[in-house]
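Chain by chain, the residues:
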Amino acid sequence: MTQADIVQYSLVAIYSAMTVYALAFIAFALDLAHRVSVARASAAAPAVPLASSLGAEAAMASGASTVTITRRSGGTAVLDRPDVDSEQPVKHSKAARLGLSFTVIAWILHVGGTVLRGVAAGRVPWANMFEFTLTATAIIIGVFIFMQFWQDLRFLGAYVTGFVLIFLGVATTDFYVDVVPLPPALQSYWLVIHVFVASLGTGFLGLGAGLAVVQLLQARRVGKGLPRLQGIPTPDRLETLSYRLTVLGFVFWTFTLMAGAIWAEHAWGRYWGWDTKEVWTLIVWVIYAGYIHARATRNWRGSRSATLAIIGFSTVLFNFTIVNLFFKGLHSYSGL
Amino acid sequence: MASSPSSKAESAKAKSSNAASTQAEPVDDLTDRDRPSDHFDAPAPNTPIVQPKLGIVGYLRFFWRQLTSMRTALFLLLLVAFAAVPGSLVPQISSDPNGVIQFKAANPGWSKVLDALGVFSTYTSVWFSAIYLLLFISLVGCIVPRTIHHINALRTKPPKTPIRLGRLAGYVSTDPAEGVDVEKGIADAQRILRRHGYRTRLYGGDSVSAERGYLRETGNLVFHMALVGILLSVGVGGGFIYTGQKVVVVGKSFANTLSDYDSISPGRWFNPDGLTPYSLTLTKFTAIYETQNINAIGTPIDYTAYVTTQVPGQKPKKQTIKVNTPLRLGNTDVYLLGNGYAPVITVRNPKGKVVFSQDVPFIPQDTNLTSQGIIKIPFGLSKQLGMIGFFYPTECDPRDCGSAPVSIHPGLNNPVLTLQSYTGDLGLDNGKPENAFALDPTHLKEIGGFGTSTPGITLRPGGTAKLPDGLGSITLSKSVPRFVSLDIHHDPTQFWVLTFAILVFLGLLTGLFVPRRRVWVKAVRGKGGVHFEYAGLARGEDPRLSEAVLLIAQKHSQSLGLSIKP
């Protein structure tokens, strides 16, 4: 098998993965539609959770186990032990189960294609933008799939698969480059560490931002007194999940920044030189530092910190796309 | 986005979480009093506030409190992020001086405004420095009291057990049972808590109060102090940095003295006598280019500079410098940042006397090493002679690429040198420092090349050509040696910045992932005998608090043979 053959197999695997991701996306979208219709149906039913400040206060006072006040037909408020915190397994729609299965199949193809690309190049598959996109998106999906063992996040499926599908599409059409040997500046073990941890961080920050989006949507529904979407946790719970993922991503990002500085010293003779990519990596870091501070600042929890998490991930994407492609700097390894 | 009900819920949340510390029980009066007043874990302010009259000291204190508040820190953080953006949009003098020149030429009007605002050196500008210095002052103002508070907390026993545990997080209790030995039960609880790393204290014989995770705050403080450490290292140590450049042709040497640098940018406290004496000789340079992969023929695969280094009092050492492996030599770091060709050029006057003979480093202009070089001969010929040369290591066959020479490979496969000649005052004798790598032809007269009737000179290795105007002759040597451009840095901040960076990272890990929590176990006598209650209080983010309380409750109830109420 020649190198060109392996490159072809790799591409075939990636295209196949994209097809299956598309199916997964459709299934997850149907599942979301299903959740909305269930929520509508339950809105018509008598038991309506109130989002009064009294309810919120009571919920907080009892700590992690939440209490909702349901209005019974008699009109008296009754304290109920909750079903709400979504720790209990929710029965999944067929679409959600199908979506996750498709995602797993697509992911196996995706990882296979990425590994083959590495085999063809005889090195790690993240030395240019095309390869970096393959690896980073595979990590996002990988984290998403393995998170399911810990926490049911199927409701994020449409976001995750949609996002990855778009990036794989752009990568294969616009970022594609042939396998070429590494230039001397990239021949370093730091390529393995620095870039891999960066994509790991991107994966966690991306999922955290996805949860923050759902949190905002859910908070708006709750704010309007609408029932929550079925199987999707409360805004508070979503915020906690988003925070935990984002904080992990932040740690990886911190490491990326430091490892990058060490590598920059080896390759360019200084650990920090305000190169455009360095600047943007710092901007991302500072915004997420702001996010963590916001979580510790009164009146900044909730929707405001969620907005910061989303802004933070937008800068990650900006750093990856616009800065790589259009800004002049030393990190010109897109291969384009 | 934040509609009024949700913000109401938020404030309700903030209030109720403080309920745990202020309303429900007097947990301890120390509760993070020294955190910024708007910290999530700080006690809620009493409302309505009656504004006292503030004197000068009062206002200073007021502004200091504002500056060290969480809100200000958050605002300044976001402001730093925002202020860093322009420096990435506009080329910076420090990292891209040529880009600045080009930008100014292309946007003369804009550039004046940007120049006045210092945008071309954003990261040393007054406004950017002001923002980050304010941020760091705010930071110091926050961590100093917190450090004192934390040192006190480390020496303080866990606080009194609250009266009603039922209002706290993770509350569980056992079924009541007759004949339970309360003293033993509490002793057991203390033992279990200690084994899980809690500090414990007994209160009134019927309850134990425990706290763990002091490392969280320690890590948090270390993180912030180490950030200050990085700033100080760079600020103070930066004055001792110097970075110099030197072009060394194969066979030539470099000695670490001020006069031997091509250029040097010294820090504020640079002392030229402090240069460590050493020398290095470039014995060989190899550049390997891809030959197999048809998509990448000619891509560089490896550059290696072979040098012999000599430190006084030591034997000469053979060493190599590669792109990612600099040479650490006599408290400097030597980096291989560039390379190119240095054709050896000999110029003779009409009588055949050599007036110029040396290797001239040609500066690469593209990846195929099309290179430009300058030759200046102020003496020895009938007129001052300046030449701009282009060197093409592998010239494309004109039948394929047209008559203008093009290099199609960085290797030395079909080398060609072309030269344009100028006469006039080269400006070398007026005492002004001159850039050896540039020739400004505006005041010179072109005597051979594109702009004249006399064609330019074209030379191949070993070839000789006549100079225009009968000035003499020029010869290109048979072999074309390589040169390397070395960056020689001395940066004493590196060690400190790395040390503090490691502390930042460790502090971040412990500050984020070590949970700080209080747990109480309490025996309550009531109907049907004695039951035990368990509850916890998170101090900072602690999503697993309930699990942790439940674990303690399970272990404790099992040891006593009690069952936990479902």
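Criteria and cut-off values
- Residues numbered from 1 in each chain as written.
- Chains lettered and ligands numbered in written order.
- Predicted model: local features only at pLDDT ≥ 70, side-chain atom pairs only at ≥ 80, totals over all residues.
- Heavy atoms only, no water.
- Helix = DSSP H or I, 4+ residues; strand = E, 2+ residues; numbered from the N terminus.
- Buried < 20%, exposed > 50% of the residue type's maximum accessible area, 1.4 Å probe, protein only.
- Contact = heavy atoms within 4.5 Å.
- Pairing = 2+ DSSP bridges.
- Axes fitted to C-alpha atoms, helices over the stretch in contact; angles between N-to-C directions.
- Domains from an automatic or database assignment.
- Phe/Tyr/Trp six-rings, centres within 6.5 Å; stacked < 30°, edge-to-face > 60°.
- Lys NZ or Arg CZ within 6 Å of the ring centre and 35° of its normal.
- Parallel < 35°, antiparallel > 145°, perpendicular 65-115°, else oblique.
- Nonpolar A, V, L, I, M, F, W, Y, C, P; charged D, E, K, R; others polar.
- Core = buried A, V, L, I, M, F, W, Y, C linked by side-chain atoms within 4.5 Å.
- Disulfide = S-S within 2.5 Å.
- Buried area = accessible area lost by both parts, 1.4 Å probe.
- Salt bridge = Lys/Arg side-chain N within 4 Å of Asp/Glu carboxyl O.
- Polar contact = N/O pair within 3.5 Å; in protein donor to acceptor, adjacent residues only side chain to side chain.

Looking at the overall build of chain A
Moving on, step 1. Along its length, chain A carries nine helices and two strands.
Moving on, step 2. Tracing chain A from N to C terminus, the helices and strands come up as α-α-β-β-α-α-α-α-α-α-α.
Moving on, step 3. Classification of the 336 residues of chain A by burial places 59% in the buried group.
Moving on, step 4. Contacts in chain A between residues at least 24 apart in sequence constitute 76% of all its contacts with a sequence separation of at least 6.

What to know about the sheet that holds strand 24 (residues 529-538) of chain B
Picture the strands of a sheet paired through backbone hydrogen bonds; they go either parallel or antiparallel.
All names here are of chain B.
Moving on, step 1. Within the open sheet, the five strands sit side by side as 1-24-23-3-2. Their pairing is antiparallel. Single-partner strands in this sheet number two, and they are strand 1 (169-173) and strand 2 (199-203). Across this sheet, the average inter-strand angle for adjacent strands is 15 degrees, counted without regard to direction.
Moving on, step 2. Summarising the sheet, strand 23 (residues 517-526) and strand 24 pair through 10 bridges and their orientation is antiparallel. Its bridge partner lying in strand 24, Ala 523 is registered against Phe 532.
Moving on, step 3. Relative to the sheet, helix 8 (residues 182-195) contacts strand 2, strand 3 (207-212), strand 23 and strand 24, its axis offset from that of strand 23 by approximately 170 degrees.
Moving on, step 4. Helix 12 (residues 545-560) contacts strand 1, strand 23 and strand 24 of the sheet and is inclined by roughly 155 degrees relative to strand 24.

Some points on the domain arrangement of chain B
Moving on, step 1. Taken domain by domain, chain B consists of domain 1 (55-149), domain 2 (157-213 + 515-560), domain 3 (238-340 + 486-494) and domain 4 (344-480).
Moving on, step 2. Put simply, the middle of domain 1 of chain B and the middle of domain 2 of chain B, counted by C-alpha atoms, are 49 Å apart.

Quick look at the packing of aromatic side chains
Moving on, step 1. Taken as a whole and judged by the stated rule, the model has 38 aromatic pairs over all chains.
Moving on, step 2. Chaining the aromatic ring pairs together yields one cluster made of Phe 132, Tyr 159, Phe 163, Phe 167, Phe 175, Phe 313 and Phe 320 of chain A.
Moving on, step 3. One cation-aromatic arrangement involves Arg 295 of chain A over Tyr 243 of chain A; the distance from NZ or CZ to the ring centre is 4.6 Å.
Moving on, step 4. In this structure, Arg 482 of chain B is placed above the aromatic ring of Tyr 341 of chain B, and the distance from its NZ or CZ to the ring centre is 4.3 Å.

Overview of the packing of helix 8 (residues 276-295) of chain A against helix 9 (residues 303-326) of chain A
Residues and elements named next belong to chain A.
Moving on, step 1. Between helix 8 and helix 9, whose axes approach to 9 Å, the crossing angle comes to 170 degrees. Judged on the interaxial angle alone, helix 9 and helix 8 are roughly antiparallel.
Moving on, step 2. Grouping the constituent residues of the contact of helix 8 with helix 9 by class yields 14 nonpolar, eight polar and two charged.

Notes on the environment of Lys 353 of chain B
Residue and element names in this part refer to chain B.
Moving on, step 1. Turning to its location among the elements, Lys 353 is positioned in the loop between strand 12 (344-348) and strand 13 (354-359).
Moving on, step 2. The class for Lys 353 is exposed, based on a relative accessible area of 57%.
Moving on, step 3. Residues Lys 353 and Ile 192, spaced 161 residues apart in sequence, show a C-alpha to C-alpha distance of 97 Å.
Moving on, step 4. Each residue touching Lys 353, except ones within four places of it in the same chain, is listed here: Val 347 and Arg 348.

What to know about the nonpolar core
Moving on, step 1. With 118 residues, the main nonpolar core has Phe 144, Leu 191 and Trp 285 of chain A as its most contacted residues.
Moving on, step 2. Looking at which element gives the most residues to this core, the answer is helix 7 (residues 235-268) of chain A, with 15 residues.
Moving on, step 3. Of all hydrophobic cores here, the second largest spans 49 residues; its members include Tyr 289, Phe 391, Ile 474 and Val 484 of chain B.

Looking at the pairing of strand 23 of chain B
Residue and element names in this part refer to chain B.
Moving on, step 1. Burial analysis of strand 23 places seven of its 10 residues in the buried class, which makes it a mostly covered element.
Moving on, step 2. As defined by bridge partners, strand 3 adjoins strand 23 across six bridges and the pair is classed as antiparallel. Residue pairing in the sheet places Glu 211 in a bridge with Arg 518 of strand 23.
Moving on, step 3. The antiparallel hairpin formed by strand 23 and strand 24 contains two residues in its connecting segment, where Gly 528 sits at a positive phi of about 80 degrees.

Things to note about the state of the cysteines
Residue and element names in this part refer to chain B.
Moving on, step 1. Under the counting rule described, the total for this entry stands at one disulfide over all chains.
Moving on, step 2. The residue that forms a disulfide with Cys 396 is Cys 401, at a sulfur-sulfur distance of 1.7 Å. Looking down the S-S bond of the Cys 396 and Cys 401 bridge, the torsion is 65 degrees, so its handedness is right-handed.
Moving on, step 3. Residue Cys 396 is classed as buried on the basis of its relative accessible area of 5%.

Description of the interface of chain B and chain A
Moving on, step 1. Contacts between the two partners involve 72 residues from chain B, matched on the other side by 69 residues from chain A.
Moving on, step 2. Interface area lost by chain B to chain A is led by Phe 40, Asn 324 and Glu 541 of chain B, which between them contribute 11%.
Moving on, step 3. If you look at where chain B meets chain A, you find four salt bridges.
Moving on, step 4. A salt bridge links Arg 301 of chain A to Glu 541 of chain B; the shortest N-O distance between them is 3.3 Å.
Moving on, step 5. Where chain B meets chain A, there are 18 residue pairs in polar contact (both at pLDDT 80 or more).
Moving on, step 6. Looking at the side of chain B that touches chain A, the element that brings in the most residues is helix 11 (residues 493-513) of chain B, giving 11 residues.
Moving on, step 7. Residues that form the side of chain B that touches chain A fall into these classes: 43 nonpolar, 15 polar and 14 charged.

Concerning the packing of helix 4 (residues 129-147) of chain A against helix 9 of chain A
All names here are of chain A.
Moving on, step 1. In contact at an axis separation of 12 Å, helix 4 and helix 9 are set at 175 degrees when each is read in the N-to-C sense. If you check the angle between helix 4 and helix 9, you find them roughly antiparallel. Judged by residue contacts, Met 129, Phe 132 and Thr 133 of helix 4 engage Phe 320, Thr 321, Asn 324 and Leu 325 from helix 9.
Moving on, step 2. Classifying every residue of the contact of helix 4 with helix 9 by side-chain character gives four nonpolar, three polar and no charged.

Re the pattern of salt bridges
Oppositely charged side chains may form a pair once their charged atoms are brought near each other.
Moving on, step 1. In this structure the tally under the stated criterion is 27 salt bridges over all chains.
Moving on, step 2. Ionic pairing is found between Glu 278 of chain A and Arg 270 of chain A, a salt bridge with its closest N-O pair at 3.0 Å. For the pair Glu 278 of chain A and Arg 270 of chain A, a shared accessibility class is recorded, and that class is buried.
Moving on, step 3. Notably, a salt bridge pairs Arg 517 of chain B with Asp 542 of chain B, separated by 2.9 Å at the nearest N-O pair. Linking Arg 517 of chain B in strand 23 with Asp 542 of chain B in the loop between strand 24 and helix 12, this pair joins segments that are 25 residues apart in sequence. For the pair shown, Arg 517 of chain B and Asp 542 of chain B are each scored as buried.
Moving on, step 4. The network of salt bridges with shared partners includes Glu 239, Arg 295 and Arg 301 of chain A together with Glu 541 of chain B.

Re the pairing of strand 3 of chain B
All names here are of chain B.
Moving on, step 1. Among the six residues that make up strand 3, five are buried, leaving the element largely enclosed by the rest of the structure.
Moving on, step 2. Note that strand 2 and strand 3 share five bridges and pair antiparallel. Paired with Thr 200 across the strands is Ala 210, a residue of strand 3.

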